[in-house]
Amino acid sequence: MAKHTKAQRNHKYSLHSRQRKVNRKYKDTIFRMLFKDRNNLLSLYNAMNKKNYTDASALQVVTLENAIYLGMKNDLAFIMDMNLYLYEHQSTYNPNMPLRDLFYISNEYQKMVVQQSLYSSTIQKIPAPKFIVFYNGTKEINDLTEFRLSSAYECPTEDPDLELRVTVLNVNDGHNKALMEQCQTLKEYAQYVARVRKYVSSNELSLEEAVEKAVTECINENILRDFLSSNRAEVINMSIFEYDKELEEKKLRRAEFQAGMEAGIEKGIEQGIAKGQQDLLTQKIKAKLAKGKSLELIADELEEDISVIEKLLNQETI
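Going along each chain's sequence as written, the residues are numbered from 1 onward. Two thresholds apply to this predicted model, a pLDDT of at least 70 for residue-level local features and 80 or more for giving and counting side-chain atom pairs, whereas whole-chain, interface and lining totals are computed over all residues. For side-chain calculations, the full set of non-hydrogen atoms in the structure is used, while hydrogens and water are omitted.

Caption draft 1: Spatial organisation of the overall build of the protein chain. Only runs of H or I of at least four residues qualify as helices and only runs of E of at least two qualify as strands under DSSP, and these elements are numbered from the N terminus. Secondary structure summary: the protein chain contains 11 helices and 6 strands in total. Only protein chains enter the accessibility calculation, which uses a 1.4 Å probe; a residue is then buried when its area is under 20% of its type maximum, exposed when over 50%, and partly exposed in between. The proportion of buried residues among the 318 residues of the protein chain is 38%. Contacts in the protein chain between residues far apart in sequence, at least 24 positions, make up 63% of those at least 6 positions apart. What makes two residues a contact is simply this: any of their non-hydrogen atoms within 4.5 Å.

Okay, structure coming up:
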């Protein structure tokens, strides 16, 4: 039997050309733009897996470019060493990533086996999935965090029939230093993001001026120099978009928290009033019982159903 090269084995999982209809426009990010370059992506793969591959053509990109299913997307998907890697960049802390990845990987697998019979007596082989999130938001998290699909189950179980684990790596500047040293592009990306945030948070410059200054300094200091020089206008526009999006999401979370607090206070007041009314009614019932009155007479005098009277008395004796 002829042996296949690694590139041929990776490419055996061909995707069907049919695509789902998109339901909104896909907006690129700087992270995705950087690592759409196969050499950069291979460098990141090598750093993540302690490999030293040099042939970027062995890496098969299978990102579903136009597939935004239920408003969810994935930044990068590729096959290497017979595994399917799903890389996602996030600037917000999102514990729902396992469920999102479940939808996405289902879509990937469906396209891989669309021309195969799943009723065959022969097992249909598929690449094993690896789910990674590169997080660079402002919320402080550990260098490495793991999200599990089972955490979302209404009824927790120690041995769930369906599990999906997502590894979350903090790629803010100063975190995961060993990984950063192994992948120079990721390290410089983190430095660029930190530079943008530094100037924006100073409140001395407008958002546009802060991004312009960060780009210029990074080019001068040899941080993503070639990438920023070649894509300066697009990067500036993207950075402004990403930072605006990040700020809007923070505002939304604050608004949701405030609304939740107010709703909780209102509910607490309502529950307190109801409890007070119930206690008062119970006291009246006890006073009438002490005078030897029957439950039927008490219900009639208090204009309450006798079942309510009995329920309150039962609660008192529990």
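Caption draft 2: Molecular detail of helix α6 (residues 184–201). Between its terminal C-alpha atoms α6 stretches 26 Å, which fits the 26 Å expected from 18 residues at 1.5 Å a residue. All buried positions along α6 are accounted for by Thr185, Leu186, Glu188, Tyr189, Ala190, Tyr192, Val193, Arg195, Val196, Arg197, Tyr199 and Val200. A helix's residues, less one, multiplied by 1.5 Å, set its expected span.

Caption draft 3: Broad picture of the pairing of strand β2 (residues 76–80). In terms of burial, β2 is a largely internal element, 5 of the 5 residues being buried. Burial of β2 is two-sided: the residues Leu76, Phe78 and Met80 facing one way and the residues Ala77 and Ile79 facing the other way are all buried. Pairing of strand β1 (residues 60–61) with β2, which is carried by 2 bridges, proceeds in the antiparallel orientation. Across the sheet, valine 61 pairs through a bridge with phenylalanine 78, a residue of β2. Here, any two strands with at least 2 DSSP bridges between them count as paired. With 5 bridges joining them, β2 and strand β3 (residues 83–90) adopt antiparallel strand pairing. Across the sheet, residue methionine 80 finds its bridge partner in β3, namely asparagine 83. As consecutive antiparallel partners, β2 and β3 are separated by 2 residues, and within that stretch aspartate 81 has a phi angle of approximately 55°, a positive value.

Caption draft 4: Fine view of the packing of aromatic side chains. Each aromatic pair joins two rings of Phe, Tyr and Trp (for Trp, the six-membered one) with centres within 6.5 Å, and gets the label stacked for planes under 30 degrees apart, edge-to-face for over 60, and tilted for any other angle. The final tally for this structure, using the stated rule, is 12 aromatic pairs. For the pair phenylalanine 78 and tyrosine 85, a centre-to-centre distance of 5.2 Å together with 15° between the ring planes defines the contact as stacked. As far as the burial class goes, phenylalanine 78 and tyrosine 85 line up, both buried. Considering the side-chain rings of tyrosine 93 and phenylalanine 147, the 5.4 Å spacing of their centres and the 85° angle between planes classify their relative orientation as edge-to-face. Of the two residues, tyrosine 93 is situated in the loop between β3 and α4 (97–112) and phenylalanine 147 in strand β5 (residues 144–148); the sequence distance between them amounts to 54 residues. Given the relative accessible area of 37%, tyrosine 93 is considered partly exposed.

Caption draft 5: Fine view of the pattern of salt bridges. Whenever Lys or Arg places a side-chain nitrogen within 4 Å of a carboxyl oxygen from Asp or Glu, that contact is recorded as a salt bridge. Inspection of the entire model under this criterion finds 7 salt bridges. The salt bridge partner of glutamate 146 is arginine 148, with a shortest N-O separation of 2.7 Å. Between arginine 195 and glutamate 217 there is a salt bridge whose closest N-O contact spans 2.8 Å. Taken together, the residues arginine 195 in helix α6 and glutamate 217 in helix α7 (residues 207–220) connect sequence positions 22 residues apart. We classify arginine 195 as buried; its relative accessible area is 15%.

Caption draft 6: Representation of the sheet that holds strand β6 (residues 165–170). Strand order in the open sheet formed by 6 strands is β1-β2-β3-β4-β6-β5, with mixed pairing between adjacent strands. Two strands in the sheet have a free side with no partner beyond their single neighbour: β1 and β5. Pairing of β3 with strand β4 (residues 128–135) involves 8 bridges; the strand directions are parallel. Residue tyrosine 87 lies in a different strand from β4, and its bridge partner there is isoleucine 132.

Caption draft 7: Expanded view of the packing of α6 against α7. Throughout, an axis means a line fitted to C-alpha atoms (over the contacting stretch in the case of helices), and angles, computed between N-to-C directions, take values from 0 to 180 degrees. For the pair α6 and α7, the least separation of the axes is 8 Å and the interaxial angle reads 140°. One finds that α6 runs oblique with respect to α7. Between α6 and α7 the crossing geometry is right-handed. Here Tyr192, Arg195, Val196, Tyr199 and Val200 of α6 lie close against α7, whose contacting residues are Leu207, Ala210, Val211, Lys213, Ala214, Val215, Glu217 and Cys218. Looking at the contact of α6 with α7, its residues break down into 10 nonpolar, no polar and 3 charged. For classification purposes, an angle smaller than 35 degrees is called roughly parallel, one larger than 145 roughly antiparallel, one from 65 to 115 roughly perpendicular, and anything else oblique. Here is the rule for handedness: rotate from the far helix to the near one, and if that takes an anticlockwise turn smaller than a right angle the crossing is left-handed, while a clockwise turn gives right-handed. Think of it as three bins: nonpolar holds Ala, Val, Leu, Ile, Met, Phe, Trp, Tyr, Cys and Pro, charged holds Asp, Glu, Lys and Arg, and polar takes everything else, Gly as well.

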